[in-house]
Amino acid sequence: MKRRIKHVTVLGSGIMGSGIAAHFANIGVEVLLLDIVPFELTEAEQKKGLTKEDKAVRNRIATENFEKLKKASPALLYAPKFAERITVGNFDDDLPKIKDTDWVIEVVVERLDIKKSVYEKIEQFRKPGTLVSSNTSGIPIHQLIEGRSEDFKKYFAGTHFFNPVRYLPLLEIIPTPETGPEVVKFYMEYGAKFLGKTTVEAKDTPAFIANRIGVFGIMNLFNNVKKLGLNVSDIDRLTGPVIGRPKSATFRTADVVGLDTLVHVAEGVHQSGAESDKYKEQFVMPDFIDFMMKNKWLGSKSEQGFYKKIKTADGKSEIHGLNLETLEYEAQGKSSFPTLELTKTIDKPLDRFKVLISGKDKAGELYRKMLGALFAYSSDKIPEISDEIYKIDDALRAGFGWENGPFQIWDAVGVKKGIELAQEAGYEVSDWAKEMAEKGETFYKINEEGQTTYLDEKSGNYYKIPGQDSFIILDNIRHNKTLWSNSGSAIQDLGDGIINFEIRSKMNALGGEVLDGLNRAIDLAEKEYDGLVIANQGANFSVGANLAMILMMAIEQDWDDLNMAIAYFQKSMMRVRYSSIPVIVAPHGMTLGGGCEMTMHADRAVAAAETYIGLVETGVGVIPGGGGTKELALRTSREFHNDDVKTNRLRDAFMNIAMGKVATSAYEAYDMGILEQHKDIVVVNKNTQIKTAKMLALSMAEHGYTQPIEQKVKVLGRGAMGMFYVGTDQMLAGKYISEHDKLIADKLANVMVGGNLSEPTVVSEQYLLNLERETFLQLCGERKTLERIQYMLQNGKPLRN
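Let me begin by describing the structure that accompanies this report.

On a plain count of helices and strands, the protein chain comes out with 36 helices and 25 strands. The C-alpha atoms of the protein chain give 28 Å as radius of gyration, which agrees with the globular expectation for 801 residues (28 Å, within 12%). Principal axes of the C-alpha set define a box for the protein chain whose edges measure 80 × 70 × 70 Å. For the protein chain, with 801 residues in total, the buried portion stands at 55%. Taking contacts inside the protein chain between residues at least 6 apart in sequence as the whole, the part at least 24 apart equals 70%. Put simply, the protein chain shows about 34800 Å² of open surface, and 51% of that area lies on carbon and sulfur atoms. One way to put it: in the protein chain the 99 positive side-chain charges average out to a point 2 Å from where the 109 negative ones average out.

Written as structure tokens, this is what we have:
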């Protein structure tokens, strides 16, 4: 019997409970969010004459946390309206409602006695077969179900989400011996398919998988930072994006997560007795951590931790780092590390490790010690915390935001070299790792089908990592499926008559080499294949056009070449729209400017839920010039049913472009008109995106795809310009925008109404493209525009003047 999840009850409305509730609401599930009844009335409640029996009082804790959920930044909900799917209540009055729920998720305080008392109450009201799980991060799962019924035990497991729930994809599933195998399978599959998570089945061991390895890595740095003679900002510079880890790196991560949370996990491992003597000491707090805990320097939550915002004598704010010797905050200058300079030409973090460990400076010493300890510890935890190495790598990537897990990094530096690093750091790797090194084996191999296999520690054989049939990994098929490539793009054969066009330029910017590749891909697909997918698996789909090229042409006033370049871009987007084969675009992450225009011109888009998409060109002083302005004008014109709708729709589209608005999710992109619900789809699990896009292209081809006919667009003419002029005049008068902003906005409006036409007129798409391109070129001639482009290139963010 298929299990369907329509309703979930979350017990505990704190940070984790609210995050879990929000994410279930994101995927369309109804949620009941409960918390305890307050012990006392607040002063405000007393003034209102409320009593402890009033619903507003009894639900206060859940209600207040629900309000925080709705205002959270970054947003926990894909769209504000999804909050309607959440109802709040309290344990005393509303727990009986769980008889109608499909899944109860407990997220109460981390105390075994309290959790057990909650389960006793759950057992009174849940119907047999209802799923029950705990989000505990430290209490042994088997202890939670002591004294519970057989049915309760069968459907119970740990479901350990990571905070923030929407953005960190890891979900550890921790069954007990009593959990039914089919129940474990459901948790794993539901988490991946519906919640979009990387689900990892973990053993019931202290801190499970991700926190066990990740916190060891952090504690190892805490215990060695003074010996290395590095300060906190040095460590964060060396352990962040340069090695494929988040910008928050080590000490900033501790501040964000909360030092108390980190200490809780580390002490839990230390006190569990699970660690051998050689590793146990790494979980002992150094003196500076004890000092910080005593003074409640916990990080962001206490406004100071390893970093603190300081007001200088001139009133400016600066971020100072904690000197771990003096325990005082100080400005920490940027140290020079020659080792880092050697990696500047290496794009992939995984390819940098061989260079980093060979460094002769303090950076090289750090990497050798850090990686040596990590390799030894990770090998030691097989099979204690996991029988399979890929689960450890999956957990660290999904839970800590590492680009590569320990065993992937070990492969990259060489297995024997990794063993040497461990020994130099004072550790020994496990015997099984030494044996595989002697045989010349690696931890991972790619098989002939382009799928990743892993080395099994027990048998010494290689097995396929489960679940790969649901997704396509471009890295795995490049060596034998690449049909063509240039410096910025590549074409791969996805099989079954579908090819993929991959953007591979820096930041996936859209320059001439990418457009050449796109046109070649369309030509190839039209001649020899059935459909085209445009997808990549970089951090972002595309940040837009190559601004450096535009700036260079504008400075040199090479207007003919710039005109040709913009026309080529427009023509390429129109080929995406009007080709003889279905074209599916798969946006994810930042999909800005030209990336957004490419998405809008596709037959259909398969967007990752975490797609941040928008037409942002006004931020650099121009308007969308690759068909984006035309496309929103076209889409708006379809809804011109009456005068009110005409002006409202046009104004909304204009504001989205003029303000450079970026959707914070694919669902918000629906509301902005960038994605269209009648044709574009959203996938929550990004790993399935290319496979889904391929199947969609294949289905469209098999059902008889016919090349679309170019559309006509109804524009309102100069009669509609008054509305825009009034708005921009008021914005300028109120000093909300500059003269240059007003110029851009007025020219944008002129394109969207069709230019200097005396009355509403039906025009061609090419008419609007010509007007769009002419306006783009005019704005490129403005000095302020060039200043904005230069600022963007230098600082990575727009200049508003």
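Take the sheet that holds strand β15 (residues 482–485) next. Paired through their backbone hydrogen bonds, the strands of a sheet run either parallel or antiparallel. What the seven strands build is an open sheet, ordered β15-β16-β17-β18-β19-β21-β23; its pairing is mixed. Looking at which strands have only one partner, the edges of the open sheet turn out to be β15 and β23 (681–683). In this sheet, adjacent strand axes meet at a mean angle of 20° when their direction is disregarded. Taken together, the three bridges between strand β21 (residues 604–608) and β23 define a ladder with parallel strand orientation. Looking at β23, one finds that V606 is bridged to I681.

Before going further, it helps to examine the pattern of salt bridges. As enumerated under the stated definition, the model contains 52 salt bridges in all. Across the pair K55 and D94 runs a salt bridge whose closest N-O atoms are separated by 3.9 Å. Placement of K55 in helix α3 (residues 55–58) and of D94 in helix α5 (residues 91–94) is noted, with a sequence separation of 39 residues between them. The exposure class of K55 is partly exposed, given its relative accessible area of 43%. Here D680 ties to K679 by a salt bridge, and the two come within 3.0 Å at their closest N and O atoms.

Our next topic: the nonpolar core. Core analysis: the largest hydrophobic core is formed by 108 residues, its most contacted members being F222, F306, Y367 and W410. Considering each element in turn, this core owes the most residues, 10 residues, to helix α19 (residues 362–380). Counting 90 residues, the second-largest nonpolar core is a separate cluster that includes M16, L33, A79 and I789.

Another aspect to go through is the sheet that holds strand β10 (residues 317–322). In spatial order, the strands read β9-β10-β11; together these three strands make up an open sheet with antiparallel pairing. In this open sheet, the two edge strands, each paired with only one partner strand, are β9 (307–311) and β11 (329–330). Relative to β11, β10 runs antiparallel, the two being bridged by two bridges. Bridging from a neighbouring strand, L322 pairs with Y329 of β11.

A few words now on the packing of α19 against helix α21 (residues 406–413). α21 packs onto α19 with a crossing angle of 125° between their chain directions and a minimal axis gap of 10 Å. Of the possible angle classes, the one that applies to α19 and α21 is oblique. Considering how the two elements wind past one another, α19 and α21 form a crossing that is left-handed. Contacts from L371, L374, F375, S378 and S379 of α19 reach α21 at P406, F407, I409, W410 and V413. Class assignment of the residues belonging to the contact of α19 with α21 gives a composition of eight nonpolar, two polar and no charged.

Attention now moves to the side chain of S134. Looking at the element boundaries, S134 is found in strand β5 (residues 131–134). Within the local environment of S134, its side chain forms a polar contact with the side chain of Y119, the two groups lying 3.4 Å apart. Polar side-chain contacts of S134 include one of 3.1 Å to the backbone nitrogen of T136. Once residues within four sequence positions are removed from consideration, S134 is found in contact with E106, K115, Y119, L144, F156, A157, G158, T159 and H160.

This brings us to unusual backbone geometry. In the segment running from N163 into P164, the intervening peptide bond is cis, with an omega of 0°. With respect to the helices, strands and loops of the structure, P164 is situated in the loop between β6 (156–161) and β7 (170–175). In this structure, Q557 is a non-glycine residue whose phi angle is positive, near 55°. Within the secondary structure layout, Q557 lies in the loop between α26 (547–555) and α27 (559–577). A positive phi angle, close to 60°, is found at K735, a residue other than glycine. Relative to the helices and strands, K735 resides in the loop between α33 (721–733) and α34 (739–752).

Conventions and cut-offs
- Residues numbered from 1 in each chain as written.
- Predicted model: local features only at pLDDT ≥ 70, side-chain atom pairs only at ≥ 80, totals over all residues.
- Heavy atoms only, no water.
- Helix = DSSP H or I, 4+ residues; strand = E, 2+ residues; numbered from the N terminus.
- Rg over C-alpha atoms; globule rule 2.2 N^0.38 Å.
- Buried < 20%, exposed > 50% of the residue type's maximum accessible area, 1.4 Å probe, protein only.
- Contact = heavy atoms within 4.5 Å.
- Areas by Shrake-Rupley, 256 points an atom, 1.4 Å probe, with all protein chains shown as cover.
- Lys, Arg positive; Asp, Glu negative; His and termini not counted.
- Charge placed at Lys NZ, Arg CZ, Asp CG, Glu CD.
- Pairing = 2+ DSSP bridges.
- Axes fitted to C-alpha atoms, helices over the stretch in contact; angles between N-to-C directions.
- Salt bridge = Lys/Arg side-chain N within 4 Å of Asp/Glu carboxyl O.
- Core = buried A, V, L, I, M, F, W, Y, C linked by side-chain atoms within 4.5 Å.
- Parallel < 35°, antiparallel > 145°, perpendicular 65-115°, else oblique.
- Left-handed = near helix turned anticlockwise from the far one by under 90°.
- Nonpolar A, V, L, I, M, F, W, Y, C, P; charged D, E, K, R; others polar.
- Polar contact = N/O pair within 3.5 Å; in protein donor to acceptor, adjacent residues only side chain to side chain.

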